Amino acid sequence: MDIPALSMALSQTKTLGDVGTALLGKSLDLAREQGAEVAEMIDTAGMELSVNPYVGSNIDLRV
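All of these numbers come straight from a predicted model, not from anything done at the bench. (Residues numbered from 1 in each chain as written. Predicted model: local features only at pLDDT ≥ 70, side-chain atom pairs only at ≥ 80, totals over all residues. Heavy atoms only, no water.)

**Student:** Before we go on, may I ask you to explain the overall build of the protein in this structure?
**Tutor:** Of the regular secondary structure elements, the protein holds 1 helix and 0 strands. Expressed as a percentage of the 63 residues in the protein, the buried residues total 0%. Only carbon and sulfur atoms are counted for the fraction: they give 65% of the accessible area of the protein, which is about 6,000 Å². (Helix = DSSP H or I, 4+ residues; strand = E, 2+ residues; numbered from the N terminus. Buried < 20%, exposed > 50% of the residue type's maximum accessible area, 1.4 Å probe, protein only. Areas by Shrake-Rupley, 256 points an atom, 1.4 Å probe, with all protein chains shown as cover.)

**Student:** Just to check I follow, could you spell out a negative patch on the surface for this structure?
**Tutor:** On the surface, a cluster of negative charge is made up of Glu33, Glu37, Glu40 and Asp43. Turning to its location among the elements, Glu33 is positioned in helix H1 (residues 3–51). On the basis of relative accessibility, which here comes to 49%, the residue Glu33 falls in the partly exposed class. (Patch = residues over 30% accessible without salt bridge, like charges linked within 9 Å, V, L, I, M, F, W, Y side chains within 5 Å. Salt bridge = Lys/Arg side-chain N within 4 Å of Asp/Glu carboxyl O. Lys, Arg positive; Asp, Glu negative; His and termini not counted. Charge placed at Lys NZ, Arg CZ, Asp CG, Glu CD.)

**Student:** How do you make sense of the pattern of salt bridges when you look at a structure like this?
**Tutor:** Two side chains with opposite charge may pair up if their charged atoms get near one another. This model, assessed by the stated rule, comprises 2 salt bridges. Notably, a salt bridge pairs Lys14 with Asp18, separated by 2.9 Å at the nearest N-O pair. Of the two residues, Lys14 and Asp18 both sit in helix H1, 4 residues apart, roughly one turn of that helix. With relative accessibility at 42%, the residue Asp18 sits in the partly exposed group.

Given below as structure tokens:
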């Protein structure tokens, strides 16, 4: 049994797991920020419609 090789393999596995967990955390933070920005954009669009309800509600088509 090669104890040093086993120790290195376990250490690499732990490091890869820690890196994966950190990346997942960053991805979740980014998704939360993007969700908050989308919600803010939706609220802003709703405010524009309440101020100018007829803006953008009609499309002129010419044939």
